[in-house]
Structure formats: structure tokens, C-alpha cells
Amino acid sequence: MQPLVVSHPLAQCHLTEMRNASTPSHRFRRHLNLLGRMLFLEATRELSVDAIRVQTPLQETDGVTLARPMVLVPILRAGLGLLDGILSLVPDASVAHVGIKRNEETALPQPYYANLPPVITEADVFLLDPMLATGGSAVEAVRQLKAAGAKHVTMLCVVSCPQGIATLSKAHPDVRIVTAAIDDSLNDCRYIVPGLGDAGDRYFGTL
């Protein structure tokens, strides 16, 4: 499954501001929130819906409601930056959490926390992480989601790279990837280049 790259001009403007090393944390947060909404809107364009009838102040009319529940799953901690903007669009969504640290020496994922609701078995699940670098954390997170019964999983990330996409797609070919950019590669420290730095540190101001 080919990644969906959101090339909308406004999305790319937000991404450019996030890439800029001089962008302070409070503006980085704002741009990540707004870009997250745009990624989510594109990712949900073909969600399944059920037809319903509703009563307007004047008469009955046709409408729709989501056919399945929705679960948002930020990978702690950077994924929380995408969650804030998306929740304003789907306030009824359930929020699960997966905690995975990257071992800075080996770049391997180290899971340390998971809280996944039972509704995940029938839900449209959106895994949130600003960066898809080596793909290790994403692969482990999806493994946990599937072990809990998830069947419809989409990965939302701001910046990705060919290595991370290949790793996730090989392990979980049924998972759709939605991103704002596919960057060149990983550097020797396994960070995306040109990238935008450490999204968690920049979002939370812990540089």
C-alpha cells in the first residue's frame, strides 16, 4: 500500500515552519496541531458511514454517522502533539496510549506502557507519531494494536523516510501511512534528514 502524501499548500507551509530551527516551541505546537488536523482530514476521507434521518428545525432530512467507533493512539510522548489538534474534530473518539522508547544506542524500540480499550476490536484506529524514522516503534505499536484485536489501522506521521516506510509496510502491509513528507534518508544517528529535529523535545520545550 503506497503512502498518502498530503501535498496541500497549507500543509506544506505548516511543515516548513516546523522544520525551521528558529521556530519556538509555542509556534511549533500550533503548526503541529494544525498540520495534524489536515493529515487526519485526508486520512478519514473515505471512512465508512451509515445513513440516518435527522430532524432539522424545519423538516426531516438525510444524514450520516460513522459506521465504526474511532480510537486515536498517540505513541508517547511526541504523538500527543498530533492528538491535540485531531480531538477537536472528533471529540467523541476514544484515546488509547502506547509508550515506546527508542534505545539511543541500538535504535530498537522499548515498549513500556499500553492502555488499549476493548472497543479497539471494531474501531477505525489511528496511530499518531510525528516521525516515522527507522519504523521500529511503529511496527511494535501496530503489533500491540493487532494483539488487542485492531483490524483497521492507519498511521499518521508528519515526516517519514523510505527506510521507515519499508520497515512498517513489510511488517504490516495492511496499515495505511498518511504523511506530509517523505524525506531523503536517515543519518548515522538514525534521525530523519532533513527532518525537523526531535519533535517531542521541540513540542514540549525540553531542548
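Refer to the structure presented above.
The residue numbers shown here count from 1 along each chain, following its written sequence. Only residues with pLDDT of 70 or above have their local features reported here, since the model is predicted, and side-chain atom pairs are shown and tallied only from 80 upward, although totals for entire chains, interfaces and linings are computed over all residues. Excluding hydrogens and water, the side-chain figures rest on all heavy atoms present in the structure.

1. As for the overall build of the protein
So, point 1. The helix and strand inventory of the protein stands at six helices and 13 strands.
So, point 2. Just to be clear, the radius of gyration here is over C-alpha atoms, and the globule rule we use is 2.2 Å times residues to the power 0.38. Taking 17 Å as the expected radius of gyration for a compact globule of 207 residues, we find that the protein reaches 17 Å, a close match to that expectation.
So, point 3. Along the first, second and third principal axes, the C-alpha atoms of the protein reach 60 × 35 × 30 Å.
So, point 4. Looking at the protein as a whole, 46% of its 207 residues qualify as buried.
So, point 5. In what follows, residue pairs with any heavy atoms lying within 4.5 Å of each other are defined as contacts. Expressed as a percentage of contacts within the protein between residues at least 6 apart in sequence, the contacts between residues at least 24 apart total 64%. The numbering of helices and of strands both runs from the N terminus, where a helix is a DSSP run of H or I of at least 4 residues and a strand a run of E of at least 2. Residue burial is assigned from relative accessible area. The probe radius is 1.4 Å, only protein chains are included, and a residue is buried under 20% of its type maximum, exposed over 50%, and partly exposed in between.

2. Observations regarding the pairing of strand S10 (residues 152-160)
So, point 1. S10 sits mainly inside the fold: eight of its nine residues count as buried.
So, point 2. The sheet contact formed by strand S8 (residues 124-128) and S10 spans five bridges and is parallel. By the bridge assignment for S10, Asp-124 is matched with His-152.
So, point 3. Strands qualify as paired when DSSP identifies two bridges or more between them. Inspection of the sheet shows strand S9 (residues 131-132) paired to S10 by two bridges, in the parallel sense.

3. Overview of the pattern of salt bridges
So, point 1. A side-chain nitrogen of Lys or Arg and a carboxyl oxygen of Asp or Glu constitute a salt bridge if their distance falls within 4 Å. Under the definition given, this model contains nine salt bridges.
So, point 2. Note that Arg-27 and Glu-17 form a salt bridge whose closest N and O atoms lie 2.6 Å from each other. Here Arg-27, found in helix H2 (residues 25-43), pairs with Glu-17, found in helix H1 (residues 9-19); they are 10 residues apart in sequence, far enough to count as distant.
So, point 3. Where Arg-53 meets Asp-62, a salt bridge forms, and the shortest distance between an N and an O atom there is 2.7 Å.
So, point 4. On the basis of relative accessible area, Asp-62 is assigned to the exposed category, the value being 59%.
So, point 5. When salt bridges that share partners are traced, they join Arg-53, Glu-60 and Asp-62 into one network.

4. Details of the packing of H1 against H2
So, point 1. Close contact between H1 and H2 brings their axes to 9 Å; oriented N to C, the two are set at 150°. Taken together, H1 and H2 sit at an angle that is classed as roughly antiparallel. Seen from above, H1 lies across H2 with left-handed handedness. Facing H1, whose interface residues are Leu-10, Ala-11, His-14, Leu-15, Glu-17 and Met-18, H2 presents Arg-27, Phe-28, His-31, Leu-32, Leu-34, Leu-35 and Met-38. Note on geometry: axes are lines fitted to C-alpha atoms, helical ones only across the stretch in contact, with angles between N-to-C directions running from 0 to 180 degrees. Angle categories are assigned with fixed cut-offs, so that under 35 degrees is roughly parallel, over 145 is roughly antiparallel, 65 to 115 is roughly perpendicular, and the rest are oblique. What makes a crossing left-handed is the near helix being turned counterclockwise from the far one by less than a right angle; a clockwise turn instead makes it right-handed.

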